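Residue-level structure breakdown
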Amino acid sequence: MTLAPEISKGVWLSGDLHVHSRHSTESTNNSIPKILAFAESMGMGFICVTDHDNHVKGDVANHTWADYAYHSDSLVLLYGAEWTTTRGHGNTFSAQPYDHQLFYDVRDQRDTLIGRVKNDLGIHLSANHPSGKDNFGFSYDLVSSIEVWNSALWEKNLNAIMIWDDMLSSGRMITGRGGSDAHHGYPDSTEQATKNTPERNFNYIGTPTTWVFAKEKTGEAVIEALDKGRVSISVNPKSPRVEFYADTDGDGEMDMMMGDNAKAPTRPVKFTIKLAGTTLPDSTYTIKIIKNGRNVETLAASGDQILLEFVDTPEENGRTYYRVVIEGTATPFPEVPNSMGISKNMLGLSNPIYFNFDPNF
């Protein structure tokens, strides 16, 4: 597979975009040093600790961000919080510290005012667990991404996927991303254990893992990749990452990847799906092609190097989007031993490739 220069220059980075530390009051035994040490041990490239802003009355700058341990030599650390409101929750992401207090203070105002403050601050706003408890109840015109995969418990995300497809079908190019929403770590002693400690074995950092294709390993590049939809999600950091490309002019070179938008050609388009990373040699993976919210083709593949192709013709005049779902047996993740059981056969998601979408919608 040959990639055009504009989609070949960059680096794939793994991370988690929804994690809670001791600065969220319901979190237990999950200090920032524990979070960062685990992410580093998994070879992750970025992380955002998103503590509930209402637990500190909006002052995350002097709590989570000011924590002596909030630094890393190997991780890109984003600045953000879980925006916790009466109309649901969202996560904020930024490459640099910003005045989160301003955003917290308008949490119960009209969407138009919230949008102006968000834009003035220059932050990326993402809708959290849109179909679950504390679902995002604001206009989706406010957000640049949706948490379509929250925690290792896959089944609770089915309605979130439906909401995402609804937003995509409406013409919104909204990035789908994941987040473990991990709250609880292992205690340092048996005396520190709580009733929630067992959750650590089922759901923790990286269940799921969000991957971004960034121009470089910087906070600005990670945010840019989120904005552009150059993102895929895997069930854990050891399971294969799905990459999704298209060759629109038939020259044999892939010129589009996830998040890209182009005018539909008047000819069939060849798409390529790659499973990068560790596949299980004795397993068969099921690859579902989703076109405009509907499963239009199902493929099967096995082996160490999985590269699949399919051909389809986007609508010449109307909008068309394609995305990919991967199912099968997850690569073992003994660091979170019970996560595989509750994720069942869900392995990965791509973001869409778009045709004829209005970038100014």
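In this text the structure is predicted, and so the values were computed from the model without any measurement.

1. So, helix α5 (residues 219-228)
The set of residues buried in α5 consists of Gly219, Ala221, Val222, Ile223, Ala225 and Leu226. At the C-terminal side of α5, glycine 229 shows a positive phi close to 80 degrees.

2. Quick look at the pairing of strand β6 (residues 88-94)
For β6, the buried fraction is high: seven of the seven residues fall into the buried class. Of the two faces of β6, the one lined by Gly88, Gly90, Thr92 and Ser94 and the one lined by His89, Asn91 and Phe93 are each fully buried. Relative to β6, strand β5 (residues 79-85) is paired through seven bridges, and the arrangement is antiparallel. Paired with threonine 84 across the strands is histidine 89, a residue of β6. Counted between consecutive antiparallel strands, the loop separating β5 from β6 contains two residues.

3. Structural notes on empty space enclosed by the protein
Empty space among the atoms becomes visible once a probe the size of a water molecule is rolled across them. Taken as a whole, this structure holds one cavity of 30 Å³ or more when the rule is applied. Here the largest cavity is characterised by a volume of approximately 40 Å³. The wall of the largest cavity is formed by Ile233, Ser234, Pro240, Arg241, Val242, Leu275, Ile326, Leu347 and Gly348. Looking at the lining of the largest cavity, the elements that each hand over two or more residues are β11 (231-234), β12 (241-247) and β21 (346-350). A breakdown of the residues in the lining of the largest cavity according to their chemical character gives six nonpolar, two polar and one charged.

Parameters and conventions
- Residues numbered from 1 in each chain as written.
- Predicted model: local features only at pLDDT ≥ 70, side-chain atom pairs only at ≥ 80, totals over all residues.
- Heavy atoms only, no water.
- Buried < 20%, exposed > 50% of the residue type's maximum accessible area, 1.4 Å probe, protein only.
- Helix = DSSP H or I, 4+ residues; strand = E, 2+ residues; numbered from the N terminus.
- Pairing = 2+ DSSP bridges.
- 1 Å grid on protein atoms, 1.4 Å probe; cavity = no way out; pocket = protein on both sides within 12 Å on 5 of 7 lines; lining within 4 Å.
- Points joined across faces, edges and corners; volume = space filled by probe spheres on them.
- Nonpolar A, V, L, I, M, F, W, Y, C, P; charged D, E, K, R; others polar.

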